[in-house]
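Each chain, letter by letter, is given below.
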Amino acid sequence: MASTPSSPKEHHFVDIHPVLSDDNDNLNRLRDRQSSDATVNFRAAGDGKGRERRLQRNVWTFSRQIPLESGIGVFDVENKGSVEGESSGNAKGKSLGGVGATGGDADHRKGYFDMFRTKSAIGAKQNSLMPSWKENEPDPDNAEGVPGSAGADDRVNKSVPAGRYFAALRGPELDQVREYEDILLPKDEVWPFLLRFPVGCFGICLGLGSQAILWGALSSSPAMAFVRVSPNINLALWLLALAILVSVSVAYTLKCVFYFEAIRREYFHPVRVNFFFAPWIACMFLAIGVPPRWAPRHLHPAIWCAFIAPVFILELKVYGQWLSGGKRRLCKVANPSSHLSVVGNFVGAILAAKVGWGEAGKFLWAIGLAHYLCLFVTLYQRLTTSQALPKELHPVYSMFIATPSAASIAWHAIYGEFDAVSRTFYFIALFLYCSLVVRINFFRGFKFSVAWWSYTFPMTTASLAAIRYAEEVTCFFSKGLALSLSLMSSAIVSLMLVSTLLHAFVWRSLFPNDLAIAITKDRSDGAKAQDKEKKASKKNYDLKRWAKQSSLSLVSSIRRGHSGD
Amino acid sequence: MASTPSSPKEHHFVDIHPVLSDDNDNLNRLRDRQSSDATVNFRAAGDGKGRERRLQRNVWTFSRQIPLESGIGVFDVENKGSVEGESSGNAKGKSLGGVGATGGDADHRKGYFDMFRTKSAIGAKQNSLMPSWKENEPDPDNAEGVPGSAGADDRVNKSVPAGRYFAALRGPELDQVREYEDILLPKDEVWPFLLRFPVGCFGICLGLGSQAILWGALSSSPAMAFVRVSPNINLALWLLALAILVSVSVAYTLKCVFYFEAIRREYFHPVRVNFFFAPWIACMFLAIGVPPRWAPRHLHPAIWCAFIAPVFILELKVYGQWLSGGKRRLCKVANPSSHLSVVGNFVGAILAAKVGWGEAGKFLWAIGLAHYLCLFVTLYQRLTTSQALPKELHPVYSMFIATPSAASIAWHAIYGEFDAVSRTFYFIALFLYCSLVVRINFFRGFKFSVAWWSYTFPMTTASLAAIRYAEEVTCFFSKGLALSLSLMSSAIVSLMLVSTLLHAFVWRSLFPNDLAIAITKDRSDGAKAQDKEKKASKKNYDLKRWAKQSSLSLVSSIRRGHSGD
Amino acid sequence: MASTPSSPKEHHFVDIHPVLSDDNDNLNRLRDRQSSDATVNFRAAGDGKGRERRLQRNVWTFSRQIPLESGIGVFDVENKGSVEGESSGNAKGKSLGGVGATGGDADHRKGYFDMFRTKSAIGAKQNSLMPSWKENEPDPDNAEGVPGSAGADDRVNKSVPAGRYFAALRGPELDQVREYEDILLPKDEVWPFLLRFPVGCFGICLGLGSQAILWGALSSSPAMAFVRVSPNINLALWLLALAILVSVSVAYTLKCVFYFEAIRREYFHPVRVNFFFAPWIACMFLAIGVPPRWAPRHLHPAIWCAFIAPVFILELKVYGQWLSGGKRRLCKVANPSSHLSVVGNFVGAILAAKVGWGEAGKFLWAIGLAHYLCLFVTLYQRLTTSQALPKELHPVYSMFIATPSAASIAWHAIYGEFDAVSRTFYFIALFLYCSLVVRINFFRGFKFSVAWWSYTFPMTTASLAAIRYAEEVTCFFSKGLALSLSLMSSAIVSLMLVSTLLHAFVWRSLFPNDLAIAITKDRSDGAKAQDKEKKASKKNYDLKRWAKQSSLSLVSSIRRGHSGD
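Residues numbered from 1 in each chain as written. Chains lettered and ligands numbered in written order. Predicted model: local features only at pLDDT ≥ 70, side-chain atom pairs only at ≥ 80, totals over all residues. Heavy atoms only, no water.

### Points about the overall build of chain A
The helix and strand inventory of chain A stands at 21 helices and two strands. Residues classed as buried in chain A amount to 61% of the 565 residues present. Taking as baseline every contact in chain A between residues at least 6 positions apart, the subset at least 24 positions apart corresponds to 82%. Of the roughly 21100 Å² of accessible surface on chain A, a fraction of 63% belongs to carbon and sulfur atoms. (Helix = DSSP H or I, 4+ residues; strand = E, 2+ residues; numbered from the N terminus. Buried < 20%, exposed > 50% of the residue type's maximum accessible area, 1.4 Å probe, protein only. Contact = heavy atoms within 4.5 Å. Areas by Shrake-Rupley, 256 points an atom, 1.4 Å probe, with all protein chains shown as cover.)

If you want it as structure tokens, here you go:
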């Protein structure tokens, strides 16, 4: 079983003191109880540090290959690093893993994740279980006169301030937890599938949906007639995109039903919030790229209304946050993925033109322009206040291409001509494309993540703009450019597809634990926070676990006594 | 009478020491002399602090209901809070108020405000009186060997650095003095009407002038013919706006004549300076909205020249300050009211089109665009360096709507068509309107001020742009939007009118003391600054006051001696 | 001879301790050896400080009148300040100057500048000389067990980080070394001509090339026919501009061949890097302004390709640096001379229109627009993070005019009409022109430098735009404006020409030592850095110098012994 109750965590600032065995026994007992709690952050004070260090060494050896098909899976603990000296702790960890692999442990492990559950579900559970728990188990911590009751709920359910995300996370997508940070869920366990399913998965739909449009344009555009692309490719891609959109939507809806708190945390995440635009943009892509044989002359405006409404509401929210100060002001949160919140306007404008509502398209285009301007300048300045901006170039920078390309296509769609404005935006996109391509070596060395799919659609959009341009200026160079851009974007999407399939079915590492949603609400530094966590961690768990836990703790203390000598 | 020579001021960091009566006597004598001086900031050192605290308690009970019709008025000192214990100081304050209500005290009270007088007037006064004063009254402070002569003049007349305004003031309009700050004029007295008459009053003219244009457009626009608005409304509003503009201008001209130093301080105020554009914009509004029956086909270009010249000169000054660094650089002073400095260009462009000088209008439009761009991006970024930006949303944010609306109308006026550019700006304004309307609850809970009038004209401008758009795109939706925006702006202007009348004639609190102009030039912290102030405060006052003062001081010390025991 | 081997440098934080003669002797010996090394930064520790101070006094009396015609020249050491007390050090300095004026000293002086030589040259030299040097001269510093071998090369050849430039330099062009900074080359010596020849000299070509275009436009534009300008002026100016471009290019090519490291340092200089656009813009100016009698109807596109390619590559580099973070991000390096990196696009667009490649011109125009927008907003905001922005206005601010003017002309050229876009840009340029002209007194009091030439072409560009506008709107005012702007720009160019000739041939101060390229890579503060420098300074020098140096040192120590008493 995946759960290793000794739960070796990453601890820093450790030093090597002589380890006394009795101290370690006490510590161990405490740890065993703790690790089965929801809390993970435990900092051994004083003499236990040598022990800590040993455990830390072990944690690095856990394989990151996390199974896809189930939340539980086989967790492979490779204790390579624990051969020197005091390997007893490790041995215990293993044995406990064995002991814990009973049926009862699945229940207790599940407890970890309850805090991210939709509140109504938790409420129901708590109402039924809490009284009995309180009667049967006198909580030693609460007995000390500290209330500490609403802790865990508070920790999760209150919105995490933006500053916390910046403080606790790092990386261009703010998806990696800083070393010194504790998280609410166990790092060494495979979380439930839905908890590991990020909103970034809609990026796959963006990538495939835009490809469907691209191949539709390649097959229908008079300028690209010379390549004789079959419209069936468009059809196949569109169906694939639709299928994936449906599956991702279903999965995310399930997450919404079961783990609404996790979704709230994704929503408050300064980078992730932009990905909430992705589903609607993907829908609009599908509506724009609907195969000609099924498409009516004009789509019904209701389609546009249905897809643009959430985008518009999100925009009012996000742009309002930019403007109204606080931690989410533009000069702090601006990052390349913010382009996703702008590009929706232009895609909406294209769809508006397609359903015949030109004025609505112009409205969206104007909104898009105003905010693109702010975002473009802000990103180009790379203000030092911007905490979300990656230090180095990263695939996310391809987002820079998306917005001007989409603006170009949208202008063409709503005003009916590829005039100076369209060209200006297209050429800006082209220059940014060049600018990123010549820095291609900056992009290497990053770990694949499913969010990368979102970074493919900008190239596709640029290709589409190039095709529109080639229609307007039909010369060898423009056609060649359109074709090569199209091929490049298709090649990259194919590469992504293969990578994704490999990660999903071969390496089974497509959905690693989504650490970014499990950060603690406050930086728990020092003993104060630790105590608070300890007290708060005594909730939401049923009696059985406690009973079992005690026995586990006993077992571990016995083993510890043996090995500590 | 209003003047209370004991002048209890707000002091902070006081602590309660035992108060010795003789110390207090000395202190009191000093205070009495001081309070009749121009200086107000007095920090009692050492033993007098208990006394201070008592006085402070009293100041909170002064009513803020300040009479409108006269600068002197009946000031109602409600000494509710001074019943416990040592109420003698307060009694003295009252009695002195009674004593001071002789004809001579009006002179001495006037002395407070002399420092804001136009210099020539002061100069004349000084020339005649200073020699005699110097002969007759040996100044004890100056006798200590400190020159300290040009102090008061310096304090007021030298321009206050921008940093001081940011440091000493707060609030979205930088109109409230921070608690720990002293000001040059007595807070508990009603200042002369002209000193309380801020430049923001021209906002009333902006609001009414734009309403006149709006109702003119409603009555004449073919798109809005279905509502059948009588042109007489336009006429009536225009006359009202004209009347108010004339009265406000007369009042402000008087302020300019008598209290030029106060106007200089308003000019150096980082937020207020933008309101110096308001009179000229209001004039241009009147010129644009002149009722058709009186209007010639084309207004004479001289009108445009007369109104745009001050705007242009101010712009050279203000934009130059943005660019040339220092404390008034854009990233520091940018705030929503800065839009007033940009919108003038677009209004000027509209008027230029009306007088037939299209190219001049295009020139203004270009200036406006360039600076609008900078301002828009800067405000949207909410740079952390911007000290003038309100923390929360505030009615001043409606300014965001004004500039794109005006840009849209202006483009239509000068280029003759409501094309993509016009639409883009109109739609940007519309989105910002939505964005602010959905945050309407942010706007509640603010104290009414006359500056709010300035925040009504953006809505009117948006309504005008909506009417222009409805002329171009005549459909049910666009007409409905134009009508509802017009009604909303009219409703708000009516509300403002009622509020203003109530504040002016019922509550008599339309013009509270304009604290923002009376901040000290330097943060007077510690004894050093106090000494400096003490020495600087011995100027500009005539002999009679001094003689009287001595007797007053004697009276007070006698009374003090009685009550202190 | 110019070289003064005792090399008095500016030292700070010196205090006056009693100077012991034997200590001084040792110090002196050390100094003499050191001063002939490449390193200049020497901080005497301990007892030698009094000595230091004396030397410092002397350095201020060196005349700044540096001869143009040769790198060596007559250097006038005016030892006015060294009469009191211990003038022996100075006497020695003089005498050593005399001793050093042998043929051998030219060699050793040359050693200073070897570090900026092209590496292949140094490499060849080192290969031949280093072994013998190593055999013959046991290095006392290296004997102490410190490797310290690759120091000097590292110091120079590794790119200096942008932060260092900001830290070590000041002034609006970052061309003055801060007082507390040491530099690698002797300040009191005239450096070789090529080392003193900055990239800013291409500004002369910009100024003259744009004048040629202007006078061509004046002679050929129908709107300006009333002034009847002879086309010969254009011809003469064009030939002059061509001649100067050729000479400057030859000189800079020589610098490139001989002192490539100096060019690298100019390239990494945050302000200077923008001047690397100047040669290509100057070439494009010449291509645009080619006299009509020689010009074919359409230039060959190859010309455009040849001139735009380096601009494009530089842009990819520079804009990439803006975007990709680090010390060269836009919010840090933005300064008015950054306009040079944008204006190239617009000039390239004009040339593209002239060679008939309209679409390429539109591409460049779009790139220019996007980056102009970012730059304009950033400069207008005057972000506090921008370290390169001059505190006060400076001639460099005229750059603000260049870009919108060029954008206006370019739009007219590529889209064939002076429409709203052209006008908007033209009017923006006009307003900025006004805005700077009214602040003309800010521009006084600056030392002339050859970089000022770059600041003349913006006015010429504005004049050209005014002529284009006068062609479109032919009225008295527009023609008058075009004429007066043209005359003003010509007047300023004439003034510059006279100044330059005076500086070059009369005052012989056109090319002072280019201190900005000689800053040390690290702030050498304290003894650590000093030691490092000391050790690093033992390289790149040939044997003969060392031998001579020992004798010189001996001489100086003898003299010192005499005078120290």
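### Here we look at a nonpolar patch on the surface
Taken together, the side chains of A:L239, A:L242, A:V246, A:V250, A:L254, A:V257, A:F258 and A:W294 define a hydrophobic patch exposed on the protein surface, amounting to about 680 Å² of accessible area. One can find A:W294 in the loop between helix 11 (278-288) and helix 12 (301-323). (Patch = residues over 30% accessible without salt bridge, like charges linked within 9 Å, V, L, I, M, F, W, Y side chains within 5 Å. Salt bridge = Lys/Arg side-chain N within 4 Å of Asp/Glu carboxyl O.)

### Focus: unusual backbone geometry
If you check the backbone angles, A:R508 has positive phi at about 50° while not being a glycine. Counting through the fold element by element, A:R508 comes out in the loop between helix 19 (476-506) and helix 20 (526-536). The class for A:R508 is partly exposed, based on a relative accessible area of 34%. Within the chain, B:R228 stands out as a residue other than glycine whose phi angle is a positive 50°. Here B:R228 shows up in the loop between helix 9 (202-220) and helix 10 (231-258). Of the residues examined, B:R228 reaches a relative accessible area of 72% and is grouped as exposed.

### Topic: the interface of chain B and chain A
Interface size is often expressed as the accessible area that is lost when the parts come together. On the chain A side, the residues contacting the 26 residues of chain B number 32 residues. Carbon and sulfur atoms make up 72% of the surface buried where chain B meets chain A, a total of about 2500 Å² over both sides. Taken together, the links from chain B to chain A amount to one salt bridge. We note a salt bridge from A:E359 to B:R423, for which the minimum N-O separation is 2.3 Å. Joining chain B to chain A, the criterion identifies nine residue pairs in polar contact (both at pLDDT 80 or more). Mapped by element, the contributors of at least two residues to the side of chain B that touches chain A are helix 16 (358-381) and helix 18 (420-437) of chain B. Sorting elements by how many residues they give to the side of chain B that touches chain A places helix 18 of chain B first, with nine residues. Partitioned by chemical class, the residues of the side of chain B that touches chain A number 18 nonpolar, four polar and four charged. (Buried area = accessible area lost by both parts, 1.4 Å probe. Polar contact = N/O pair within 3.5 Å; in protein donor to acceptor, adjacent residues only side chain to side chain. Nonpolar A, V, L, I, M, F, W, Y, C, P; charged D, E, K, R; others polar.)

### Focus on the relation of the copies chain B and chain C
Each copy superposes on the other: chain B lies on chain C with an RMSD of 0.0 Å after a rotation of 120° and an axial shift of 0.0 Å. The transformation just described matches what one would write down for a three-fold rotation axis. In terms of C-alpha distance to the rotation axis, chain B has B:V377 as its closest residue, with the C-alpha 4.4 Å off the axis. In this assembly, only 12% of the residues forming the interface of chain B have copies in chain C that are likewise at the interface, indicating a heterologous arrangement. (Least-squares fit on C-alpha atoms with pLDDT ≥ 70 in both.)

### Observations regarding the packing of aromatic side chains
Scanning all chains against the criterion turns up 97 aromatic pairs over all chains. Here the aromatic rings of B:Y380 and B:F400 are separated by 6.5 Å at their centres, their planes lie at 85°, and the arrangement is edge-to-face. Of the two residues, B:Y380 sits in helix 16 while B:F400 sits in helix 17 (residues 399-415), which places them 20 residues apart along the sequence. Across this residue pair, the class does not change: B:Y380 and B:F400 are buried. Pairing C:W238 with C:W294 gives two aromatic rings, centres 5.7 Å apart and planes at 70°, and the pair type is edge-to-face. Linking C:W238 in helix 9 (residues 231-258) with C:W294 in the loop between helix 11 (278-288) and helix 12 (301-323), this pair joins segments that are 56 residues apart in sequence. On the basis of relative accessible area, C:W294 is assigned to the partly exposed category, the value being 46%. (Phe/Tyr/Trp six-rings, centres within 6.5 Å; stacked < 30°, edge-to-face > 60°.)

### Re the packing of helix 12 (residues 278-288) of chain B against helix 13 (residues 301-323) of chain B
Residues and elements named next belong to chain B. Close contact between helix 12 and helix 13 brings their axes to 9 Å; oriented N to C, the two are set at 155°. One way to sum up the angle between helix 12 and helix 13 is to call them roughly antiparallel. Read as a crossing pair, helix 12 and helix 13 show a hand that is left-handed. Here W280, C283, M284 and A287 of helix 12 lie close against helix 13, whose contacting residues are I303, F307, I308, P310, V311 and L314. Considering only residue class, the contact of helix 12 with helix 13 consists of ten nonpolar, no polar and no charged. (Axes fitted to C-alpha atoms, helices over the stretch in contact; angles between N-to-C directions. Parallel < 35°, antiparallel > 145°, perpendicular 65-115°, else oblique. Left-handed = near helix turned anticlockwise from the far one by under 90°.)

### Overview of the interface of chain B and chain C
Counting residues at the interface gives 33 residues for chain B, matched by 26 residues for chain C. Approximately 2500 Å² of surface area, both sides summed, lies buried where chain B meets chain C, with 72% of it carried by carbon and sulfur atoms. The largest share of the area that chain B buries against chain C comes from B:L316, B:L323 and B:E359, three residues that together contribute 26% of it. The tally of links from chain B across to chain C stands at one salt bridge. Examining the composition of the side of chain B that touches chain C, we find that 14 residues originate from one element, helix 16 of chain B, more than from any other. For the side of chain B that touches chain C, the class distribution of residues is 19 nonpolar, eight polar and six charged.

### Topic: the environment of A:K521
All names here are of chain A. Along the chain, K521 falls in the loop between helix 19 and helix 20. You can call K521 buried: its relative accessible area is 15%. The spatial distance from the C-alpha of K521 to the C-alpha of L323 is 24 Å, given a sequence separation of 198 residues.

### Overview of the relation of the copies chain B and chain A
When chain B is brought onto chain A, the operation consists of a screw motion whose angular component is 120° and whose axial shift is 0.0 Å, with 0.1 Å RMSD remaining. Each copy contacts the other with its own distinct surface, as only 15% of the interface residues of chain B are interface residues in chain A too.

### Regarding the packing of helix 8 (residues 202-220) of chain C against helix 9 of chain C
All names here are of chain C. Interaxial distance between helix 8 and helix 9 falls to 8 Å at its minimum, and their mutual angle equals 165°. In terms of orientation, helix 8 lies roughly antiparallel with respect to helix 9. In the packing of helix 8 onto helix 9, the handedness of the crossing is left-handed. Within the contact between the two elements, helix 8 uses F202, I204, C205, L208, G209, Q211, A212, W215, G216 and S219 and helix 9 uses P231, I233, N234, L237, W238, L240, A241, I244, L245, V248, S249 and Y252. Partitioning the contact of helix 8 with helix 9 into residue classes produces 16 nonpolar, six polar and no charged.

### Considering the pattern of salt bridges
Evaluation of the coordinates by the stated rule reveals 24 salt bridges over all chains. In this structure, the salt-bridge partner of B:R468 is B:E471, at a minimum N-O distance of 3.1 Å. Here B:R468 pairs with B:E471, and both are found in helix 19 (residues 457-472), just three residues apart, close to one helical turn. Given a relative accessible area of 28%, B:E471 falls into the partly exposed group. For C:R423, the salt bridge goes to C:E472, with nearest N and O atoms at 3.6 Å. Highlighted residues: C:R423 in helix 17 (residues 420-437) and C:E472 in helix 18 (residues 457-472), separated in sequence by 49 residues. Owing to a relative accessible area of 8%, C:R423 belongs among the buried residues under this scheme. Here the salt bridges share partners, and the residues they tie into one network are A:K255, A:E266, A:R272 and A:D514.

### Some words on the environment of C:Y267
Residue and element names in this part refer to chain C. When you line up the elements, Y267 lands in helix 10 (residues 260-268). In this structure the C-alpha to C-alpha distance between Y267 and V199, which are 68 residues apart in sequence, comes to 9.1 Å. Residue contacts for Y267: discarding those within four places in its chain leaves V273, F276, L314 and K317.

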